[in-house]
Structure formats: C-alpha cells, structure tokens
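# Report on the structure
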Amino acid sequence: MIIVPEKEIAGLMTRADAFTAVEQVFAAMSRGDAYNFPVIREAIGHEDALYGFKGGFDKAGMALGLKAGGYWPNNLEKHGVINHQSTVFLFDPDTGKVRAMVGGNLLTALRTAAASSVSIKHLARKDAKVMGMIGAGHQATFQLRAALEQRKFEKVIGWNYHPDMLPNIEKIADEAGVPFEAVPLEGMVEADVVISITSTFAPSVMADHIGAGTHIACMGTDTKGKQEVEAALLARATVFTDEIAQSITIGEAQHAVGAGLIQESDVHELGAVINGTHPGRTSDDEITLFDGTGVGLQDLAVAASVVDLAIEKGVAIEVDF
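Below you will find a few notes about this structure. (Residues numbered from 1 in each chain as written. Predicted model: local features only at pLDDT ≥ 70, side-chain atom pairs only at ≥ 80, totals over all residues. Heavy atoms only, no water.)

### Topic: the pairing of strand S5 (residues 63-71)
The condition is simple: Exposure classes here rest on a 1.4 Å probe applied to the protein chains alone. A residue is buried below 20% of its type maximum, exposed above 50%, and partly exposed in between. What counts as a helix is a DSSP run of H or I of at least four residues, what counts as a strand is a run of E of at least two, and both are numbered from the N terminus. DSSP bridges decide pairing: two strands pair if at least two such bridges lie between them.
For S5, the buried fraction is high: seven of the nine residues fall into the buried class. The sheet contact formed by strand S4 (residues 50-58) and S5 spans nine bridges and is antiparallel. Paired with Tyr51 across the two strands is Gly70, which belongs to S5. The turn linking S4 back onto S5 is made up of four residues, and Met62 within it adopts a positive phi angle of 50°. Pairing between S5 and strand S6 (residues 84-91): eight bridges, direction antiparallel. Paired with Tyr71 across the bridge in S6 is His84.

### Some points on the sheet that holds strand S15 (residues 288-291)
Threshold: Think of each axis as a best-fit line through the C-alpha atoms, taken over the contacting stretch in the case of a helix, with angles from 0 to 180 degrees between the N-to-C directions. A contact between two residues is defined here by any heavy atoms of the two lying within 4.5 Å.
Spatial ordering of the open sheet is given by S10-S9-S8-S11-S12-S15-S13-S14, a layout of eight strands whose pairing is parallel. With one partner strand each, in any of the chains shown, strand S10 (180-182) and strand S14 (267-269) form the two edges of the open sheet. Averaged over neighbouring strand pairs, the angle between their axes works out to 20° when direction is ignored. The pairing of strand S13 (residues 238-241) with S15 spans four bridges and is parallel. When the sheet's bridge partners are listed, Val239 is paired in S15 with Leu289. Strands strand S8 (130-134), strand S9 (155-159) and S10 of the sheet are contacted by helix H6 (residues 167-175), whose axis makes an angle of about 160° with S10.

### Focus: the packing of aromatic side chains
Quick reminder of the rule: A pair of Phe, Tyr and Trp rings is counted when the ring centres sit within 6.5 Å of each other, with Trp represented by its six-membered ring. The angle between the planes then sorts it: under 30 degrees is stacked, over 60 is edge-to-face, the rest tilted.
In the structure shown here, the tally under the stated rule is five aromatic pairs. Look at Phe26 and Phe290: their rings are 6.4 Å apart centre to centre, the planes differ by 55°, and that puts the pair in the tilted class. Of this pair, Phe26 sits in helix H2 (residues 15-31) while Phe290 sits in strand S15, and the two are 264 residues apart along the sequence. With relative accessibility at 2%, the residue Phe26 sits in the buried group. Their ring planes at 70° and their centres at 6.1 Å tell us that Tyr51 and Trp72 sit as a pair that is edge-to-face. Linking Tyr51 in strand S4 with Trp72 in the loop between S5 and helix H3 (75-79), this pair joins segments that are 21 residues apart in sequence. Here Tyr51 falls in the partly exposed class, since its relative accessible area comes to 31%. Linked through ring pairs, Tyr51, Phe53 and Trp72 together constitute an aromatic cluster.

### What about the environment of Asp33?
Here is the rule: Here a polar contact means two N or O atoms within 3.5 Å. Within protein one must be a hydrogen donor candidate and the other an acceptor candidate, and residues neighboring in sequence count only if both atoms are side-chain atoms.
The topology assignment puts Asp33 in the loop between H2 and strand S2 (34-36). Residue Asp33 is classed as partly exposed on the basis of its relative accessible area, which comes to 32%. Excluding residues within four positions of it along the chain, Asp33 makes contact with Ala28, Phe57, Asp58, Lys59 and Ala60. Of the polar contacts made by the side chain of Asp33, one reaches the side chain of Arg31; its length is 2.9 Å.

### Thoughts on a nonpolar patch on the surface
As a reminder of what qualifies: Within this analysis, patches are made of residues with over 30% relative accessible area and no salt bridge. Like charges are joined at 9 Å or less; nonpolar side chains (Val, Leu, Ile, Met, Phe, Trp, Tyr) at 5 Å or less. Accessible surface is estimated by sampling points in the Shrake-Rupley manner with a 1.4 Å probe; for residues, cover comes only from the protein chains shown. Counted as salt bridges are all cases of a side-chain nitrogen of Lys or Arg within 4 Å of a carboxyl oxygen of Asp or Glu.
A cluster of nonpolar side chains, contributed by Ile40, Ile44, Tyr51 and Phe53, occupies part of the molecular surface with about 330 Å² of accessible area. Note on placement: Ile40 falls in strand S3 (residues 40-43). Its relative accessible area of 44% is what places Ile40 among the partly exposed residues.

### Observations regarding the pattern of salt bridges
Enumeration over the complete set of coordinates arrives at 14 salt bridges. Across the salt bridge formed by Arg15 and Glu149, the nearest N and O atoms sit 2.7 Å from each other. Separated by 134 residues along the polypeptide, Arg15 in helix H2 and Glu149 in the loop between helix H5 (138-147) and S9 bring together distant segments of the chain. Since its relative accessible area comes to 37%, Arg15 is described here as partly exposed. The network of salt bridges with shared partners includes Arg41, Asp222 and Lys226.

### Considering the nonpolar core
Generally speaking, soluble globular proteins have nonpolar side chains that are buried together. Heads up, the condition is: Remark: nonpolar core denotes a set of buried residues (Ala, Val, Leu, Ile, Met, Phe, Trp, Tyr, Cys) joined through side-chain atoms within 4.5 Å.
Within the largest apolar cluster, 66 residues are counted, with the highest numbers of intra-cluster contacts made by Val4, Phe26, Val102, Met131, Met133, Val156 and Ile195. Discounting chain neighbours no more than four positions away, the residues touching Val4 are Ile9, Leu12, Met101, Val102, Gly103, Val306, Val307 and Ala310. In terms of nonpolar packing, the next biggest core, distinct from the first, is built from 27 residues, Ala191, Leu233, Leu234 and Ile262 among them.

### Some thoughts on the side chain of Asp291
Heads up, the condition is: Think of it this way: Lys and Arg go in the positive column, Asp and Glu in the negative one, and His and the chain ends go nowhere.
On the secondary structure map, Asp291 appears in strand S15. Comment: no salt bridge for buried Asp291; closest opposite-charge side chain is Lys54, at 10 Å.

Put into structure tokens, the structure is as follows:
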C-alpha cells in the first residue's frame, strides 16, 4: 500500500492540477462513466463533530475508493489544527486490494475550490468584474485564489458573520493586486460572481442580495438541514450542481425542492455544460447558481493524481498490507 502523508500534499498538488481533475470527473459523471455512492454523514455526539464517508467509482479514471472525515468545530480553538479533517483511501478496481492512503485535508480544500472555479469558468459572464465572497474562514482563502484565476476581476467585496476575519480574504485579494472592500450582505448585489462558503443552518443570502446576471457558487451546504441562501433564490436562478441526487437531499436544492419552489428536473449537472450537452448560461441577465455539495469522486480524482506524482517524485511511502 502506498501512503502519501498530509505534509507531502502541498508539494504535489497544484490548483491547476486540482481544476483539471475536478473538471474531468464532472464530465465523466455526466457521461455516465463515473458515479458516487450514497453519502454517510452523521453527528457523532462528541465535540459537536460531523463525521462521514464519501466514495465512488470513476471507470474513466479507474479510481475506486472513499474519503473518511468530517468537521470538528472546536479543533482550531482547542487543538490548533483545522476544523475539517479527512483521509482518502484508494482501492484497485481489478482486485479490491487497498492501493493507497492519502492525507485529505489540503486535497479537500483544493478540490472544493476547484469545483467552484470550474463553475465560474463555464457559467459566469465573460465580462465579470466584481468578485463577491461570503465567508472568510480557512476554505474561503482557497476559494478566492482559485476564483481570481478565472476572470479579470477588478474588485473583491466580502462579508462574514465575524468581520474580524475579513483580513483573511483581503490578504488574498491584495496578493492578486485586486482592491478589496467589506460590504453588508445587501452590497453583494454589486457582484458579478459570488462564492458563499459558510457552515450555517439558516440562510444569510437572500434572493434580493443577488443581482441579475450574477453567477453564485454555494459551497457550504453538504448536510441535511444546512442552508446558505434563501430558497427563493434558486427559484430565480438556473440551478446547476455536481450531483443532482446530493443537491436535492443535502445541498441547497433540498430546501427549494422541499418548499415546492423548484423540482428535481430544474437542477442540472455542471458536467453536462462541460460536455456541451447543456447550453449553460443563455443570457447576460440570467442568474446561474452552482450547488456545490462535494462529491466523493472529486476526492478520488485528486488523490489518484497525487499518488502517481508521489511515486514519480520518490516521496511515496510503501508498506506491506
């Protein structure tokens, strides 16, 4: 079995590599060449943690496995480690034997940012100038770095429940040479692209906070009950997702479908846009919304790439198992 420790990931996986892996796996999913297994995600009754498993099989990329992990909200304060913790396990599709164990923390951050970035590439207006960020935690910094590579943004605006955290994303904007401004939620109407990356169970983004022609990527809702945006916004928008089954059960669409505002048939695969079987955005006034629920196939795709690179660069650890 190959082991790729967390400490090696930063030297192996780039944003560009993660983008390519995620874009390809979304396309494979839409073609029917890859599928996700049902998600298990539970509150364990200890440390307020959510723990679970995401897995799948990508026949195109021959990646089989799962990611185990979750969210420990007290980690940073109590233990000085990030709140999201995960590990990816890969298996040989031909034999079922375990192939690799890969540190999943940085990979999760990179693949989540890549997913919203892929949605911006394929759904945002080409002339988008103002980038809006809702959320300013650890993951938000990865989201913003990746997003700023997709359009020639001239300004970043940001909002966070705790304003004292906004310097986290202001620093990323500064590094990219793009001016930053803190705004109230109502000020998001100025944005051409919005990424929402919070872990709330009550919506903060209302339908009237998003202007005509905006693309919004909702990246924080991945559990039953979570909600970042008002359900009425999905009724105004053309809705895309990584996987429809997850979108309507654990993603943002769960609330809009539950309220009868949209139907399952109103939710479209981003992979279909990548493959050219769905037109994507059809007008400059259209609101497009990407419901990024986070699929196991994303984790397998980036982990498989890392294993190959680790072997190539001689940093993989091989053990008998």
